[in-house]
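# Understanding the architecture of this molecule
Below are the chains, spelled out letter by letter.
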Amino acid sequence: IQEKVKEPELYDHLVVGEGELIFLDILEKHEAGIEIPERVLYHDKAVRVDLDSMPWPDYSDFDLSLYSMGTGVSSEISRGCVAKCQFCSETTFWRYRGRLAGNIVDEIEYQYRTYGVQAVWFIDSLVNGNLKELHAFALGLVERDIKIAWLGYARCDGRMDIEYLQDLKAGGCSVLNLGIESGSQKVLDLMKKNVKLEHVEQNLFDMTKA
């Protein structure tokens, strides 16, 4: 759709794919007075952004109290998805990779202690693509006494038992939005969801209990 914008005067450049590295290149060339003739720039899919190397968002110019949602910010645990559901284009454009738990905790602690952030919205397609790192993240928040609420999208997963979910809750998890799609195992299989209905039901039961 980026290539079909009919009013090119509305933009200087369009970036297809991950934009961080290309955006930085645009800024550096602009400051150096170097012209960029290409209007549409494509990110090479073979080059994936290392999420742990990205700088944390700078909210120093934001008055977070002006937002009706309260003192909350967005963050990112991962990009892409570990599943290959039949109906979804996610894995066509993204290859899954996640951040290390320690790096995420460091970022959230900085936002928490610097700006008084009370809530974090994770914008990932799923926060639980790496169950080990998500668990370590929640435990890290508890260990550092960081009292925030956080939420994100997740897949149902039979490995998330009640003890696991209770640890997430203790670490501030308040909402997990689940893409369950169907209560029929046949339909789930046709979709290639790679999830068992019994695990969906158990997750819902345990999340309610937690």
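Preceding this section is the structure that the text describes.
Source: prediction; values computed, not measured.

This part covers the overall build of the protein chain. Looking only at helices and strands, the protein chain has seven helices and eight strands in total. Split into buried and exposed, the 210 residues of the protein chain put 36% on the buried side. Long-range contacts, defined here as pairs at least 24 residues apart, represent 74% of the contacts in the protein chain between residues at least 6 apart.

Attention now goes to helix H5 (residues 162-170). Buried residues of H5: Ile162, Tyr164, Leu165 and Leu168, and no others. Projected onto a plane normal to the axis of H5, the buried residues spread over an arc of 160° and lie on a single side. In the core, the buried residues of H5 are packed alongside helix H4 (131-143), strand S7 (149-154), strand S8 (173-178) and helix H7 (197-209). A positive phi of about 105° marks Gly172, the residue just after H5.

Taken together, the side chains of Phe62, Leu66 and Tyr67 define a hydrophobic patch exposed on the protein surface, amounting to about 350 Å² of accessible area. Structurally, Phe62 can be placed in the loop between strand S2 (40-42) and strand S3 (72-75). According to the relative accessible area criterion, Phe62 is partly exposed, its value standing at 44%.

The next subject is the nonpolar core. Counting 27 residues, the largest nonpolar core has Phe137 and Trp150 as the members making the most contacts within it. Looking at this core, the elements that each hand over two or more residues are helix H3 (101-115), strand S6 (119-122), H4, S7, H5 and S8. Looking at this core, the element that brings in the most residues is H4, giving five residues. Once residues within four sequence positions are removed from consideration, Phe137 is found in contact with Ala101, Ile104, Val105, Ile108, Phe122 and Trp150.

Its location among the elements puts Ala149 in strand S7. Residue Ala149 is classed as partly exposed on the basis of its relative accessible area, which comes to 29%. As for Ala149 and Ser174, which are separated by 25 residues in sequence, their C-alpha atoms are 5.8 Å apart. With residues up to four places along the chain from it excluded, the contact list for Ala149 reads Gln118, Ala119, Val120, Gly172 and Ser174.

Attention now moves to the pattern of salt bridges. Pairing is possible between side chains of opposite charge, provided their charged atoms come close. Per the counting criterion, the structure on display carries twelve salt bridges. One salt bridge connects Arg79 with Glu76, and the closest N-O pair in it is separated by 2.6 Å. For the residue pair Arg79 and Glu76, the accessibility class agrees, reading buried in each case. The salt bridge partner of Arg113 is Glu109, with a shortest N-O separation of 3.0 Å. Residue Arg113 and its partner Glu109 are located together in helix H3, separated by four residues, close to a single helical turn. Overlapping salt bridges, with partners in common, bring together Glu18, Glu20, Glu76, Arg79 and Arg97 in one network.

Procedures and definitions
- Residues numbered from 1 in each chain as written.
- Predicted model: local features only at pLDDT ≥ 70, side-chain atom pairs only at ≥ 80, totals over all residues.
- Heavy atoms only, no water.
- Helix = DSSP H or I, 4+ residues; strand = E, 2+ residues; numbered from the N terminus.
- Buried < 20%, exposed > 50% of the residue type's maximum accessible area, 1.4 Å probe, protein only.
- Contact = heavy atoms within 4.5 Å.
- Arc of directions from axis to C-beta.
- Patch = residues over 30% accessible without salt bridge, like charges linked within 9 Å, V, L, I, M, F, W, Y side chains within 5 Å.
- Areas by Shrake-Rupley, 256 points an atom, 1.4 Å probe, with all protein chains shown as cover.
- Salt bridge = Lys/Arg side-chain N within 4 Å of Asp/Glu carboxyl O.
- Core = buried A, V, L, I, M, F, W, Y, C linked by side-chain atoms within 4.5 Å.

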